Amino acid sequence: MRVTLQSTGNAAAPDVWERYMEPTAWKTWAPQIMGVEYPGKRLAADTTGRVLGPLGVPIDFRVSSVDEQSWTWAWSAWFQNQAIGIDLAHGVVSRPSGTRAWLTVDGPLPLVLPYLPVAKFALGKLCAR
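This write-up is about the structure you can find in this document. (Residues numbered from 1 in each chain as written. Predicted model: local features only at pLDDT ≥ 70, side-chain atom pairs only at ≥ 80, totals over all residues. Heavy atoms only, no water.)

## So, helix H3 (residues 109-127)
- Here H3 contains 19 residues, and its C-alpha end-to-end distance of 26 Å stays within 8% of the 27 Å for a straight helix at 1.5 Å per residue.
- The largest bend along H3 measures about 40° and falls at Leu-116, with the proline Pro-117 one to four residues further on.
- Buried within H3 are the following residues: Val-112, Leu-116, Ala-119, Ala-122, Leu-123, Leu-126 and Cys-127.
- Close packing links the buried residues of H3 with strand S1 (2-9), helix H1 (13-21), helix H2 (26-29), strand S6 (84-95) and strand S7 (98-106). (Helix = DSSP H or I, 4+ residues; strand = E, 2+ residues; numbered from the N terminus. Expected span 1.5 Å × (residues − 1). Bend = angle between axes of the 7 residues up to and from the residue. Buried < 20%, exposed > 50% of the residue type's maximum accessible area, 1.4 Å probe, protein only. Contact = heavy atoms within 4.5 Å.)

If you want it as structure tokens, here you go:
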């Protein structure tokens with residue numbers, strides 16, 4: 001299942017982009033994230049880390065691309081040694097009154113469908129001042 005969500009808000013696009021690029025900031029706008037284990041302070045392509053999800057459930061991830069000029073990045077997140085997971089692509093677009101952020105989620109329906117309302121809520125917080 002492949003679904004694209006988007007949200008708009010009054011935060012400036014460069015600020016929204018920076019919230020994406022700093023993994024330690026993810027838990028401030030994504031309530032499903034309890035913490036992030038990542039080797040750097042800023043996302044970079046071809047790196048790996050771990051998100052601590054609800055109840056501290058570890059979700060491993062690999063950042064596949066980061067494009068600072070187009071404000072897009074992509075990653076894969078999985079459970080149990082890559083047995084089951086999803087691919088995610090993100091983008092930030094500047095608007096006259098703030099920002100539009102989008103997310104495309106691609107994976108098995110039983111993972112993607114319950115994630116959509118959580119992701120939509122997080123995108124709204126990401127774009128808010």
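## Describing the environment of Thr-72
- With respect to the helices and strands, Thr-72 occurs in strand S5 (residues 72-79).
- You can call Thr-72 partly exposed: its relative accessible area is 25%.
- For Thr-72 and Ala-44, which are 28 residues apart along the polypeptide, the C-alpha to C-alpha distance reads 12 Å.
- At a separation of 2.9 Å, a polar atom in the side chain of Thr-72 contacts the side chain of Ser-70. (Polar contact = N/O pair within 3.5 Å; in protein donor to acceptor, adjacent residues only side chain to side chain.)

## Considerations on the layout of surface pockets
- Taken as a whole, the largest pocket encloses approximately 500 Å³ of empty space.
- In terms of lining, the largest pocket is formed by 27 residues, of which the most central are Gln-32, Ile-59, Ile-86, Leu-88 and Tyr-115.
- Where the lining of the largest pocket is concerned, the elements lending two or more residues are H2, S5, S6 and H3.
- In the lining of the largest pocket, the residues fall into 23 nonpolar, 4 polar and no charged. (1 Å grid on protein atoms, 1.4 Å probe; cavity = no way out; pocket = protein on both sides within 12 Å on 5 of 7 lines; lining within 4 Å. Points joined across faces, edges and corners; volume = space filled by probe spheres on them. Nonpolar A, V, L, I, M, F, W, Y, C, P; charged D, E, K, R; others polar.)

## Some remarks on the pattern of salt bridges
- Scanning the entire structure with this criterion turns up 5 salt bridges.
- With a shortest N-O distance of 2.6 Å, Glu-18 and Arg-42 are connected by a salt bridge. Here Glu-18, found in helix H1, pairs with Arg-42, found in the loop between strand S2 (35-37) and strand S3 (47-52); they are 24 residues apart in sequence, far enough to count as distant.
- Its relative accessible area of 28% is what places Glu-18 among the partly exposed residues.
- The shortest N-O distance in the salt bridge between Glu-68 and Arg-42 comes to 3.0 Å. (Salt bridge = Lys/Arg side-chain N within 4 Å of Asp/Glu carboxyl O.)

## Observations concerning the sheet that holds S6
- If you walk across this open sheet you meet the 7 strands as S1-S7-S6-S5-S4-S3-S2, and the pairing is antiparallel. Looking at the sheet topology across the chains shown, the edges are occupied by S1 and S2. Direction aside, the axes of adjacent strands within the sheet are offset by 25° on average.
- Bridge count between S6 and S7: 9 bridges; the pairing is antiparallel. (Pairing = 2+ DSSP bridges. Axes fitted to C-alpha atoms, helices over the stretch in contact; angles between N-to-C directions.)

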